[in-house]
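What follows is each chain in one-letter form.
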Amino acid sequence: MRQIFPDPTVRITGRLWPMDSSTAKRSGSGWLASIRIAICICSLFGSPLSAAEDTPVPVRFGTEVVPILTRLGCNSGGCHGKASGQNGFKLSLLGFEPELDYEFLVSEGRGRRVIPGSPDRSLLLLKATSRVPHGGGRRLAESSDDYRTLSRWIAAGALPPRPDDPRLERIELTPHEKLLQPGSPVALHVTAHFSDGTNRDVTSQCVYQSNEPEIITVDTEGVAAAGARSGLAVVMARFGEQLATFHGAVPATTSAERLANIHQQLDALEQDLRDSPFDTLLLRQWRRLAIVPSPTVDDATFLRRVMIDICGTLPTPDEVRDYLADSRPDKRDRLVDRLLDRPEYASYFALKWGDILQNRGAGYSTSRQRPGTTLFAGWIRDSIAANKPYDQFVSEILTASGSQKDNPAALWYRTVRKPIDYVESTAQAFLGVRIQCAQCHHHPAERWSQADYYGLAAAFARVGRKGGFADAEVPTEEIIFLKEQGGISHPRTGELLAPRPLGGDPFRLDARDDPRVELARWLTAADNPYFARTLVNRYWAHFLGRGIIHPIDDARDTNPPSSPELLDALARDFVASGYDLKHLIRVICGTHAYRLAAGPTEWNAGDDQSYSHFSMRRLTAEVLLDGISQVLDVPTPFNSGTGDFPPGTRALDLPDENVAARFLDIFGRPARMSACECERADAPSLAQALELVNSSEIQRKLTAETGFAKRLATQPLSPTQRATAVITRVFTRHPTPSELQKAAAFLESEPDQAEACRSLLWALLATNEFLFNH
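Presented here is an overview of the structure given in this document. Computed from a prediction, not measured in an experiment: that's the story for all the values here.

### Description of helix H24 (residues 686-694)
All buried positions along H24 are accounted for by Gln688, Glu691 and Leu692. Summarising the axial view, the buried residues of H24 lie within an arc of 95°, below the 170-degree limit, and thus occupy one face. Of the residues in H24, the exposed ones pointing more than 90 degrees away from the buried face are Leu686 and Asn694. Packing partners of the buried residues in H24 comprise strand S19 (617-618), helix H23 (662-666), helix H25 (696-703), helix H29 (753-765) and helix H30 (768-771).

Here's what the structure looks like:
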């Protein structure tokens, strides 16, 4: 009888009536009468009450029914798992709230969704098999194991989840990693482990998904196979709320003779890289994928590349000449050291961190906002110039108190104002985690729950503000302080949550302790699994064009690093250096991968994950505008809203994004609305092409009386000398004989040398060689 009527809940023809002990006493014989009625009804429909003892293990709702709903897609975000449900039926997203799902299934829908006396007439099964119209189509075959499991659960009384049910603790996927050859699929096996010590094979009950279907495909039964491309891919297996991943690599298809040639080239390269622990790890991956890196670049290309990446500026003709004349074997390392000591380095990376920290000027009265953004931008720039340790830099921001004048780091709290801002900006900027989903429900691709989300928010619950004045939507000149009280409640349970780190236990705090200090201490600890790895990954992407984790702020089990060993080695070295950012830049710029040519070769044409060739990328908006200004020797005027910035101010030195500049906006300057670097657009567009053709600012620079074009045209030079000067200035290298011959012939054919020089400059500024870092 306990199988049919669990605890104080009576089921009559699929309906539930909760009955506590007091209700049972009041109802007296009504309780027994209800049982008799249920027994009669069940017997009419052939319920095998007498066979209850023949079913030793009941079907458990949380660990057997819910995973089937997930596998069938019923509780996905596009179906009944979305916030509003679907056609009057709602489930929790991916089954993370089984207690709610049980109520939705059993108590709603007038009891027609599950009918214990006649399971086959339950709407749950009728719709899933399309025996009645179903918007989601046929999801289940009557002959399937999943159908039989659901039918057994319903026939046994549709038991609810119980507190003492075994909990799913983890799933184990085997094999964990493998090299896949075309035509040789691998069958994945998933074992679920439960809190009572039992385990079972759930391979056929999992949901499988590949993050790179062109590289590795996976079917519904968990069979993974090599796709059309070579490279790295991850297959995710989901069972219930647990995830596990399979890491696969598909080498480039090649003949035995070609493969021998590849290994011969890599053997020779290994001798050159044996003293570099980071390059050795890359070499290991190149071997695994059967690819050979591109050759290294010449000195002129390296000079331009590293000056753009460290200082955001182009080398001048004099710098090109001097560097090419330097014959010292370590001149590239010396160059990196010199660039890190230049003020342009601090300005360029202050711009980068201004984006991440959302030092935003738009949306407020510019005249009152600008002093604040200028102070914060200056504080960031000074911190970078002084090579402040990164852990100290972040701690000073998170724990900042006081006024913007006394402590500019407190200006972070001007834009980051609400619990969701605190959580999402902190997680994305400093932990590389996108936790936004957990605000409303359990993260679908990670372990973060609402309790994790709001527990982190609780660390900021006592942030207080006072003083200042209302400036549109945000007060400025306010003072940040620690309130005596403040809390955050779980939005669903109402529980008051203690401050806690992501995935950790609550902080141990006294009444006078600032939870932000404990958060900063946890965040910057040497053993934090996210902090150093996130910064290292962010800087690697800055210099190499793609993060080891890509996207750079989306670290999760289902989006693993392309080279975990490399990321861990860089992170350990960064921590051991004392979180020294300049040291990290030296390490990255000194790697073999950073010095490779941008063009892929026949040996690595399909690779975009393993850094076998440099990744070309368009210059950022500010670098591009400053570069045009430098080539044409005409600065860009900027207006602050109340007056002009000093003459010669570069776009890199602007304090925020609210300085009017059409060119910068067209070429992707971010609005600084989030901590995601993806907000900066780097994709080409028609508007950008039209701006290069029609820009009044570029035309002003080309025709300026004091500009380079005018000076060049008036100097007593031959067409060859003028062509050499133009090409060297724009491309920061010596021209090839073919380029020189064509450019000189064009200049010689034009009667108006001023117009000819302007046309040649204009044409070269619109080439990919100028517009891209390569």
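Moving on from the coordinates now.
### A closer look at the sheet that holds strand S8 (residues 207-210)
Where strands meet in a sheet, backbone hydrogen bonds hold them as pairs that are either parallel or antiparallel. One open sheet accounts for 4 strands, arranged S4-S12-S11-S8; its pairing is mixed. Only two strands of the sheet have a single neighbouring strand rather than two, namely strand S4 (177-179) and S8. Neighbour-to-neighbour, the strand axes of this sheet turn through a mean angle of 20°, independent of strand direction. Of the strands in this sheet, S4, strand S11 (231-239) and strand S12 (242-250) touch helix H8 (residues 277-289), which is tilted by about 85° from S11.

### Notes on the packing of aromatic side chains
For the structure on display, the rule yields 26 aromatic pairs. With 5.3 Å between their ring centres and 40° between their planes, phenylalanine 61 and tryptophan 153 make a pair best called tilted. Remark: tryptophan 153 occurs in helix H6 (residues 145-155) and phenylalanine 61 occurs in helix H3 (residues 61-71); sequence separation between them is 92 residues. For the pair phenylalanine 61 and tryptophan 153, one class covers both residues: buried. Taken together, a centroid distance of 5.6 Å and an interplanar angle of 70° make the contact between tryptophan 353 and phenylalanine 393 edge-to-face. With tryptophan 353 in helix H12 (residues 343-356) and phenylalanine 393 in helix H14 (residues 390-398), this pair connects stretches of sequence that are 40 residues apart.

### Regarding the pattern of salt bridges
Using the criterion set out here, one finds 48 salt bridges in the structure. A salt bridge links aspartate 145 to arginine 148, with the nearest nitrogen and oxygen atoms 2.4 Å apart. Remark: arginine 148 and aspartate 145 occur in helix H6; sequence separation between them is 3 residues, near one turn of the helix. For aspartate 145, a relative accessible area of 53% gives the class exposed. For the salt bridge of arginine 556 with aspartate 554, the shortest nitrogen-to-oxygen distance reads 3.0 Å. For arginine 556, a relative accessible area of 23% translates into the label partly exposed. Residues joined by salt bridges that share partners form a network here, namely Asp355, Glu622, Arg672 and Arg680.

Reading guide: rules and limits
Residues numbered from 1 in each chain as written. Predicted model: local features only at pLDDT ≥ 70, side-chain atom pairs only at ≥ 80, totals over all residues. Heavy atoms only, no water. Buried < 20%, exposed > 50% of the residue type's maximum accessible area, 1.4 Å probe, protein only. Helix = DSSP H or I, 4+ residues; strand = E, 2+ residues; numbered from the N terminus. Arc of directions from axis to C-beta. Contact = heavy atoms within 4.5 Å. Pairing = 2+ DSSP bridges. Axes fitted to C-alpha atoms, helices over the stretch in contact; angles between N-to-C directions. Phe/Tyr/Trp six-rings, centres within 6.5 Å; stacked < 30°, edge-to-face > 60°. Salt bridge = Lys/Arg side-chain N within 4 Å of Asp/Glu carboxyl O.

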